[in-house]
Amino acid sequence: MAFLADSLARIKPSATIAVTNKARELKAAGRDVIGLGAGEPDFDTPENIKEAAIRAIREGKTKYTAVDGIPELKAAIVAKFKRENNLTYTPNQITVGTGGKQVLYNALMATLNPGDEVIIPAPYWVSYPEIVALGGGTPVEIVGPQEQGFKINAAALEAAITPKTKWLILNSPSNPTGAGYTREELRALADVLLKHPQVWIMTDDMYEHLVFDGFKFATIAEVEPKLFNRTLTVNGVSKAYAMTGWRIGYAGGPVELIKAIGTIQSQSTSNPSSISQWAAVEALNGTQDYIPKNAEIFRKRRDLVVSMLNQANGIVCPNPEGAFYVFPSCAGTLGKTTAGGKLLKTDEDFITALLEEEGVAVVQGSAFGLAPYFRISYATSEALLEDACARIQRFCANLR
Ligand SMILES: Cc1ncc(COP(=O)(O)O)c(C=O)c1O
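These numbers come from a predicted model, not from an experiment.

Participant: Sorry if this is basic, but what is going on with the nonpolar core here?
Facilitator: Most often, soluble globular proteins have nonpolar side chains that are buried together. By size, the foremost hydrophobic cluster in this structure holds 77 residues, and its most contacted members are Met-202, Leu-232, Leu-309, Phe-350 and Ile-376. It is helix α12 (residues 290-309) that provides the largest number of residues to this core, a total of 7 residues. Of the domains in this structure, domain 1 (6-44 + 290-394) and domain 2 (63-285) are the two that each give at least three residues to this core. Formed by 29 residues, the second largest nonpolar core is a distinct cluster that contains Leu-73, Val-78, Ala-240 and Tyr-241.

Rendered as structure tokens:
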């Protein structure tokens, strides 16, 4: 009898966490390393949110809560969906989890049966296919190529749908590419989905507020109200409010699904932290003034990174609509040898040599389902980004 579960053999640990760990080790060994691997804002959580958490502690709001969220937070989420997305949910259509990741995980665990297919547009956030596989489902990847701005189109979606398709996972703006779907692009996908009533839509809107150059965010249940009853709209406070460590994510969806998500949560973690929930109430109900300010800071960083990377030999860096990632191609560097004598055959070779020779930590595109690319998280200071991009330029200039 094997000790470890068979399901463990179906999944691999997160590549982004692996790169972050390797960078940390090199730093601890005294190397000068710039980490551009981690996906979290470098800003501090706003003061009004911190104060709300401190108040919650002082007022003794430190006990177990309802498994899937306190009524005050559910009300704040209902108001957020109405205000920002024109979606009308009732509190029993809302669930709150320990990060958006737990909500996505619970939703897949609550619905997948062996053989169920989940369509995942690539490049994708690393956790989607792994959670699907852990839940016994079959991830079906469709590539959104660079020429299409890393987005899938209606024809590709139509071709991937089978009678076994249970979910389509959408993520806009995207981790890892920053690509955002316009309303028209979502409309085209919605038209396909209307023809296939067995397919549910899980839309991960985590980067909703980080969009640039006047890009208008849209979410699919708003674009096509006929899909509302089979859409799980997932969001959270991690990225928009610089609250990654607080671990609060949420979703709106049909009551039956929301109940099932709560059942899974009730037998694993129970409620998310009571204190974090009160902080999230303030995040959603309090001032939203810093959101456009932060987005503007990210836009400046994006412009810097895109421009500097496009000046590196062999690198082509598209200009994304949102999030805080760029996803450049390193195809032009493959087949060449680094100053340190490493022959670059894959994007993994590229990122490994870049880390070892220039101390810049990025993540290989193959981890996100598309090679040869790499992901840079530019959620760090302009000074560090300039230094990192100059190192990448030097690394590429030295290739022979
Ligand atoms: C696309 C995407 N979805 C979900 C998450 C999970 O966010 P959290 O669990 O912090 O809410 C992340 C975090 O990196 C992400 O990039």
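Participant: Looking at this model, I keep getting lost on the packing of helix α2 (residues 15-28) against helix α13 (residues 347-358). Mind explaining?
Facilitator: Packed helix pairs are characterised by how far apart their axes lie and by the angle those axes make with each other. Interhelical geometry of α2 versus α13 gives an angle of 20 degrees and a closest axis separation of 11 Å. As the angle between them shows, α2 and α13 are arranged roughly parallel. The two elements α2 and α13 cross, and the hand of that crossing is right-handed. Judged by residue contacts, Val-19, Lys-22 and Leu-26 of α2 engage Ile-351, Thr-352, Leu-355 and Glu-356 from α13. The residue makeup of the contact of α2 with α13, split by class, is 4 nonpolar, 1 polar and 2 charged.

Participant: Quick question: what am I supposed to make of the site of the ligand here?
Facilitator: In the vicinity of the ligand, 13 residues are found, and the nearest of them are Gly-100, Asp-204, Ser-238, Lys-239 and Arg-247. One of the side-chain nitrogen or oxygen atoms of Asp-204 is found 2.5 Å away from a nitrogen atom of the ligand. Here an oxygen atom of the ligand sits 2.7 Å away from a polar atom, N or O, in the side chain of Arg-247. Burial of the ligand by the surrounding chains reaches 92%, relative to a free accessible area of 390 Å². Its atoms largely coinciding with the cavity grid, the ligand occupies the largest pocket.

Participant: I would appreciate a short explanation of the sheet that holds strand β3 (residues 117-122) in the present structure.
Facilitator: As a general point, the strands of a sheet are linked pairwise by backbone hydrogen bonds and lie either parallel or antiparallel. One open sheet accounts for 7 strands, arranged β2-β8-β7-β6-β5-β3-β4; its pairing is mixed. Taken across any chain shown, the strands that pair with only one partner, and hence form the sheet edges, are β2 (94-97) and β4 (138-143). Between one strand and the next, the sheet's axes are offset by a mean angle of 20 degrees, whatever the strand orientation. Bridge analysis of strand β6 (residues 200-204) against strand β7 (residues 231-236) gives 4 bridges, and the strand direction is parallel. Bridge pairing in β7 links Asp-204 to Val-234. Taken strand by strand, helix α5 (residues 100-111) contacts β2, β3, β5 (165-171), β6, β7 and β8 (249-252), and its axis lies near 155 degrees from that of β7.

Participant: So what exactly am I meant to see when it comes to the pattern of salt bridges here?
Facilitator: Should their charged atoms come close, side chains of opposite charge can pair. Counted according to the given criterion, the structure contains 25 salt bridges. Between Arg-391 and Asp-32 there is a salt bridge, with its nearest N and O atoms 2.7 Å apart. With Arg-391 in helix α14 (residues 382-397) and Asp-32 in the loop between α2 and β1 (34-35), this residue pair connects regions lying 359 residues apart in the sequence. Using a relative accessible area of 53% as the deciding quantity, one classes Asp-32 as exposed. We note a salt bridge from Glu-356 to Lys-342, for which the minimum N-O separation is 3.4 Å. A residue pair is termed long-range when its members are at least 10 positions apart, and Glu-356 in helix α13 and Lys-342 in the loop between β9 (325-326) and α13 qualify at 14 residues. Overall, Glu-356 belongs to the partly exposed group, its relative accessible area being 33%.

Participant: Is there a simple way to explain the layout of surface pockets in this structure?
Facilitator: In this structure, the largest pocket occupies an estimated 650 Å³ of space. If you trace the largest pocket, you find 28 residues lining it, with Gly-39, Lys-101, Trp-125, Asn-175 and Lys-239 closest to the centre. Only α2, α5 and α6 (127-134) provide two or more residues apiece to the lining of the largest pocket. For the lining of the largest pocket, the per-class residue count stands at 9 nonpolar, 12 polar and 7 charged.

Participant: Just to check I follow, could you spell out a nonpolar patch on the surface for this structure?
Facilitator: A surface patch of nonpolar side chains, about 390 Å² in accessible area, is lined by Phe-3, Leu-4 and Leu-8. Within the secondary structure layout, Leu-4 lies in the segment before α1 (6-9).

Participant: Help me understand the packing of helix α4 (residues 71-85) against helix α11 (residues 274-285), please; the structure alone is not making it clear to me.
Facilitator: Running from N to C, α4 and α11 point in directions that differ by 25 degrees, and their axes come no closer than 9 Å. Comparing their axes, α11 and α4 come out roughly parallel. The chirality of how α4 crosses α11 is left-handed. Between α4, through Glu-72, Leu-73, Ala-76, Ile-77, Lys-80 and Arg-83, and α11, the contact on the second element is made entirely by Gln-277, Trp-278, Ala-280, Val-281, Leu-284 and Asn-285. Split by residue class, the contact of α4 with α11 holds 7 nonpolar, 2 polar and 3 charged.

Participant: When you look at the pairing of strand β12 (residues 374-377) in this model, what are you seeing that I'm missing?
Facilitator: The side chains of a regular strand alternate between both faces of the sheet. Neither face of β12 is open: one carries Phe-374 and Ile-376, the other Arg-375 and Ser-377, and all of them are buried. Sheet topology note: the β9/β12 ladder contains 2 bridges and is antiparallel. Looking at the pairing, Val-326 lines up with Ile-376 of β12. Inspection of the sheet shows strand β11 (residues 363-364) paired to β12 by 2 bridges, in the antiparallel sense. In the sheet register, Gln-364 faces β12, and the bridge partner there is Phe-374.

What counts and how
- Residues numbered from 1 in each chain as written.
- Predicted model: local features only at pLDDT ≥ 70, side-chain atom pairs only at ≥ 80, totals over all residues.
- Heavy atoms only, no water.
- Core = buried A, V, L, I, M, F, W, Y, C linked by side-chain atoms within 4.5 Å.
- Buried < 20%, exposed > 50% of the residue type's maximum accessible area, 1.4 Å probe, protein only.
- Helix = DSSP H or I, 4+ residues; strand = E, 2+ residues; numbered from the N terminus.
- Domains from an automatic or database assignment.
- Axes fitted to C-alpha atoms, helices over the stretch in contact; angles between N-to-C directions.
- Parallel < 35°, antiparallel > 145°, perpendicular 65-115°, else oblique.
- Left-handed = near helix turned anticlockwise from the far one by under 90°.
- Contact = heavy atoms within 4.5 Å.
- Nonpolar A, V, L, I, M, F, W, Y, C, P; charged D, E, K, R; others polar.
- Near = heavy atom within 4 Å.
- Polar contact = N/O pair within 3.5 Å; in protein donor to acceptor, adjacent residues only side chain to side chain.
- Areas by Shrake-Rupley, 256 points an atom, 1.4 Å probe, with all protein chains shown as cover.
- 1 Å grid on protein atoms, 1.4 Å probe; cavity = no way out; pocket = protein on both sides within 12 Å on 5 of 7 lines; lining within 4 Å.
- Sits in = over half its atoms within 2 Å of the grid points.
- Pairing = 2+ DSSP bridges.
- Salt bridge = Lys/Arg side-chain N within 4 Å of Asp/Glu carboxyl O.
- Points joined across faces, edges and corners; volume = space filled by probe spheres on them.
- Patch = residues over 30% accessible without salt bridge, like charges linked within 9 Å, V, L, I, M, F, W, Y side chains within 5 Å.

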